[in-house]
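Next come the chains, spelled out residue by residue.
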Protein chains: 4
Amino acid sequence: MPKLGMEPIRRAALVKATIAEVGDVGSLQVTVGQIARRAGMSTALAHHYFGGKDQIFLAAMRHILSEFKAEVLAELAQAKPDARAEAIIRACFAQSCFAPRAISAWMTFYVMAQTNSEALRLWRLYQCRLRSNLCHALRPVARDPKVAAAVLSALIDGLYLRAALNDPEAGEVATQRALTVLHLLCDR
Amino acid sequence: MPKLGMEPIRRAALVKATIAEVGDVGSLQVTVGQIARRAGMSTALAHHYFGGKDQIFLAAMRHILSEFKAEVLAELAQAKPDARAEAIIRACFAQSCFAPRAISAWMTFYVMAQTNSEALRLWRLYQCRLRSNLCHALRPVARDPKVAAAVLSALIDGLYLRAALNDPEAGEVATQRALTVLHLLCDR
Amino acid sequence: MPKLGMEPIRRAALVKATIAEVGDVGSLQVTVGQIARRAGMSTALAHHYFGGKDQIFLAAMRHILSEFKAEVLAELAQAKPDARAEAIIRACFAQSCFAPRAISAWMTFYVMAQTNSEALRLWRLYQCRLRSNLCHALRPVARDPKVAAAVLSALIDGLYLRAALNDPEAGEVATQRALTVLHLLCDR
Amino acid sequence: MPKLGMEPIRRAALVKATIAEVGDVGSLQVTVGQIARRAGMSTALAHHYFGGKDQIFLAAMRHILSEFKAEVLAELAQAKPDARAEAIIRACFAQSCFAPRAISAWMTFYVMAQTNSEALRLWRLYQCRLRSNLCHALRPVARDPKVAAAVLSALIDGLYLRAALNDPEAGEVATQRALTVLHLLCDR
DNA sequence: AATGAATGAGGATTCATTCAT
DNA sequence: GATGAATGAATCCTCATTCAT
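Residues numbered from 1 in each chain as written. Chains lettered and ligands numbered in written order. Predicted model: local features only at pLDDT ≥ 70, side-chain atom pairs only at ≥ 80, totals over all residues. Heavy atoms only, no water.

Draft legend 1. Geometry of the environment of A148(D). Residues and elements named next belong to chain D. Its place among the elements puts A148 in helix α9 (residues 145-164). By relative accessible area, A148 is classed as buried at 2%. It is 35 Å that separates the C-alpha atoms of A148 and E21, two residues lying 127 residues apart in sequence. For A148, the contacting residues outside a window of four places in its chain are L138, A142 and L185. (Helix = DSSP H or I, 4+ residues; strand = E, 2+ residues; numbered from the N terminus. Buried < 20%, exposed > 50% of the residue type's maximum accessible area, 1.4 Å probe, protein only. Contact = heavy atoms within 4.5 Å.)

As C-alpha cells, then:
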C-alpha cells in the first residue's frame, strides 16, 4: 500500500461513500462513522482529510454538481445547434443523474442549502449555470429565452423532487414532460 | 387559566411551534426541547400529547396540508368555471402558503417523506389531490388535461423549491411563471 | 358509584393489579401508570391512596404473604397431627401460591428485599413463620426439627425459584421433591 | 498507560464494576453511568465496548457463571471419586462464590432471566451443568442420582437466596445444611 | 498515513410525583 | 373522591471530534 498520494484516493472514496449513504438513507442523518466504514477507513481518517462532517457533505455536493456539469457539457458537445435545449434536458435526466440514489442525495443536499451558506452558494451556482445554459440554448428557438429558461429549470427540479419520493410517474416520463413544455415554449 | 380541555390547545400550540421552528432552522434537526420551549411547555408534556418526535412532525405536516387544502378550496369557490386552473395556481402561491417560513417547513417535510412512510403517504395524498384538482379544472381548457396537470404540479413544486432556498426571483414571479405555462398548455 | 368506602376497594384493586402486572412483566420495572390503568383508575389516585410506588409494592407483598399464611393455616387445620409438615409443604405448592404469575411476583419482591428494608422485614417475617411452623410440625417426627425446618424452607424457596424461571421440571414435581426430602429427614 | 489493546481491559473493568455495583445496590436498577464511573471511564466508552446496558449485564452474568464453573472444576479435580458430590457443594459455597456481593449480583441476574431470554438461556445452562455434574457425582453413592441432583441443586439455590437477603443463618451453615441433605440422600 | 481510544455534549424518552380543579 | 395537567430529574444512547501512538 502506497504511503504517498493517498489523499486523493481517500477523499474520492469518502465522497463516493457519502453520496451512496445519503442516497440510501435519504437524509443527512448519516453519521461520519457510517460514511467512513463504507469507505473502508476509520472516522478519524475521514476527519483528517476533510476536517469535519459539513465539509465531507459539501465535497459530496460539489462532486454531484461537477458530474452533472460534465454530463451537460458532453451532451451539448454533440448536439446540433437547434437541439441544444433538448440536449440539456436529456442530460438532466440521464441515467447517471437520475438514479434513485443520486436523486435522493441531490434532494437531501438541497435541504442542507437551507442551513449551510456554502451549500446555498453551490446550489445557486448550479442554478445559475443551468439557467444560463438553457437561456443560451433557447435563444435561437424560444420566444422569451429568459422566461423559458426559468420555467424549465424550475420544472426540472420539480421532476427531480418526484423522483426522490419515488413517484411512480416520475422516472420514466420526466423527460417527456420536460420536452413537452420545451416544445410549447418554442412553438411559434 | 383553564385546567380542562388543554389537549387541543397544547397540540395546536405544538404544531404551530413545530412549523415555525422547522421553518426557521430549515431542517428536521430541531429538538423536541426547542419546539416545546417555543410552545411554552416542557418536553415531557410534548411527549405526553404526541407520543414522540415523529408524530409531532407528522401532525405539523398534516396541518400544513390541511391549510393548503383550505386555501385551494376557498380560491376555487369563487372562481369562474374557466378560471379554475388559474385559481388553483394562485392558491398555491398565496401569502399564507408562500411565506418563507411555511415554504421552508414544507420542503423540509418533503425530506421526511424519504424516510418516514406516513410522511410519504401524506405527500402522495397531497400530490394526488393537487393533480386531480388541476386535471378537473383543466379539462375544459387544455388539450391534454392529464399531462397538463402533471406538468403544472411538478412546476409548482420546483418553484416552491426555489422559494425555500430564497431564490430572489422565486417569490414574486412564481405565479407568473406558472401562469405562463398554464396558458401555453391551454392555447388553442 | 358510591362516594364513601371506596378506599378499601381501590386499595384492593391496586394490590391485585400490582401483583398481576409484576407477575406478567417479571420485574419491578412496572410503572405506576401501568398498575393504575390495570386497576382502572388514574395514577394520581393510586398515589393518593398509597402515597408512593414503594408503598404500593409493599402492600402487594403483604397481600401475597397474608394469602400464603391463610393457605398454610387452612391446610394445617385439617391435617392429622403427624402429617402437619406435609400439609405445610402442600400449602406452599398449592395452586393459588404456585401459579406462574404469583411465583413471578413473589420472586420479584424478593429482589426488592435487597433494597427496601420494609420488604426485607416482611421477608424475614415470612421466613420466620414458615420455619417456626415447620419446626413445630416436625418436632414429633424429625430427628432434628430445627435443622429439618431450615433445610425444608430453603428447599422450598429453591423450588419456587425454578418455577419463576419456568423450569419445566419445577411445577409438577416440586411437591414430590420436597416430600422426598421431608421423608428422608423423618426416616426412622 | 498503554494505548493499544485496551478493549479486553476495559471490558473486564466494566464487568467487574457491574458485579460490584449490582451486588452493592442489590438491583438491576443501576445506571450505566454508575457502572462506568466505577470502572473509571465515560458512559460513552461503556456503550462503545458493549453496545448497550443489557449486554453489559449479560457479560457480567457470563463472568459469574464462568467463575463458578472454574471453582467447581478446581474442586472436582482434587476430590476422591466418592467425595465428588461433596466437592461440588463445597465449591458452590466457596468464598469467591458466596461473598455477599457476589450472591447479591447472582440473585439479581436471576431476576433478569425472567425478562431477558439470553439471561434465561444462561441460567438454564448453569442449571443443566450443575445438575449434570451432581448427577454424575452421585451415581456411585445415591439411591436415585437424578432425583438427588434435582433436590440438591434446588436446595443450593434456596440457600443462595437466603445469603442474598443476609439471613444471618445462611452464610456459615449453608454448607452444613446441604451436606446434611447430601448424606440423607446417600444413606443406604 | 492511519487508527484505536476516549469523551463531552446533547437528545429522545420515561416516570414518579404534585397540584388545581 | 377523582383526575387531567404538568414537570424535573434521570437514563440510555449517539456522535462529532480530538489525541496519542
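Draft legend 2. Just the interface of chain A and chain B, in detail. Tallying the contact residues gives 39 residues for chain A and 39 residues for chain B. Here chain A meets chain B over a buried area of about 3,200 Å², counting both sides, of which 61% is carbon and sulfur. It is Q114(A), R162(A) and L165(A) that lose the most area in chain A upon contact with chain B, and together they represent 22% of the buried surface on that side. Taken together, the links from chain A to chain B amount to 2 salt bridges. The closest approach of N and O atoms between R162(A) and D157(B), which form a salt bridge, is 3.0 Å. On inspection of chain A and its partner chain B, the count reaches 12 residue pairs in polar contact (both at pLDDT 80 or more). (Buried area = accessible area lost by both parts, 1.4 Å probe. Salt bridge = Lys/Arg side-chain N within 4 Å of Asp/Glu carboxyl O. Polar contact = N/O pair within 3.5 Å; in protein donor to acceptor, adjacent residues only side chain to side chain.)

Draft legend 3. Molecular detail of the relation of the copies chain C and chain D. You can overlay chain C on chain D at an RMSD of 0.1 Å; the transform is a turn of 179° with a shift of 0.1 Å along its axis. Overall, the copies show the geometry of a two-fold rotation axis. Interface residue correspondence from chain C to chain D reaches 100%, placing this contact among same-surface, isologous pairings. (Least-squares fit on C-alpha atoms with pLDDT ≥ 70 in both.)

Draft legend 4. Molecular detail of the relation of the copies chain A and chain B. Structural alignment of chain A on chain B gives an RMSD of 0.1 Å, achieved by rotating through 179° and translating 0.0 Å along the axis. Mapped onto chain B, 100% of the interface residues of chain A again fall at the interface, so both copies present the same surface.

Draft legend 5. Here's a closer look at the interface of chain C and chain D. Taken together, the contact pairs 39 residues of chain C with 39 residues of chain D. Where chain C abuts chain D, roughly 3,200 Å² becomes buried across the two surfaces, and 61% of that area is made up of carbon and sulfur atoms. Per-residue buried area on chain C facing chain D is highest for Q114(C), R162(C) and L165(C); these three make up 22% of the total on that side. Here chain C and chain D share 2 salt bridges between them. Where chain C packs against chain D, one counts 12 residue pairs in polar contact (both at pLDDT 80 or more). For the side of chain C that touches chain D, the secondary structure elements donating two or more residues are α7 (100-115), α8 (117-138), α9 (145-164) and α10 (170-186) of chain C. The leading source of residues in the side of chain C that touches chain D is α9(C), at 12 residues.

Draft legend 6. Expanded view of the side chain of N116(A). All names here are of chain A. With respect to the helices, strands and loops of the structure, N116 is situated in the loop between α7 (100-115) and α8 (117-138). Looking at N116, the relative accessible area reads 14%, which means it is buried. When near neighbours in sequence (up to four residues on either side) are disregarded, N116 contacts D54 and L58.

Draft legend 7. Representation of the pattern of salt bridges within the structure. On inspection of all chains with the given rule, the structure shows 32 salt bridges over all chains. In this structure, D24(B) and R101(B) form a salt bridge, with 3.0 Å as the shortest nitrogen-oxygen distance. One end of the pair, D24(B), is in helix α1 (residues 6-25); the other, R101(B), is in helix α7 (residues 100-115), with 77 residues separating them in the sequence. Accessibility expressed as a relative area gives 39% for R101(B), which makes it partly exposed. The network of salt bridges with common partners includes E21(A), D24(A), R38(A) and R101(A).

Draft legend 8. View of α1(B). Residues and elements named next belong to chain B. Look at α1: 28 Å from first C-alpha to last across 20 residues, which is about the 28 Å you get at 1.5 Å a residue. When we look at burial in α1, the residues that qualify are M6, L14, V15, A17, T18, I19, A20, E21, V22 and G23. Looking at the buried residues of α1, the elements they touch are α2 (32-38), α3 (43-50), α4 (53-77) and α7. With its phi angle positive at about 75°, G26 sits one or two positions after the end of α1. (Expected span 1.5 Å × (residues − 1).)

Draft legend 9. Local environment of the environment of D54(C). Residues and elements named next belong to chain C. Looking at the element boundaries, D54 is found in helix α4 (residues 53-77). Assessed through its relative accessible area of 44%, D54 is described here as partly exposed. Remark: the alpha-carbon pair of D54 and V32, spanning 22 residues in sequence, is separated by 9.9 Å.

Draft legend 10. View of the environment of K16(B). Looking at where K16(B) falls in the secondary structure, it is placed in helix α1. With 47 residues separating them in the primary sequence, K16(B) and H63(B) have C-alpha atoms 8.7 Å apart.

By themselves, these observations are geometric and do not establish any function.
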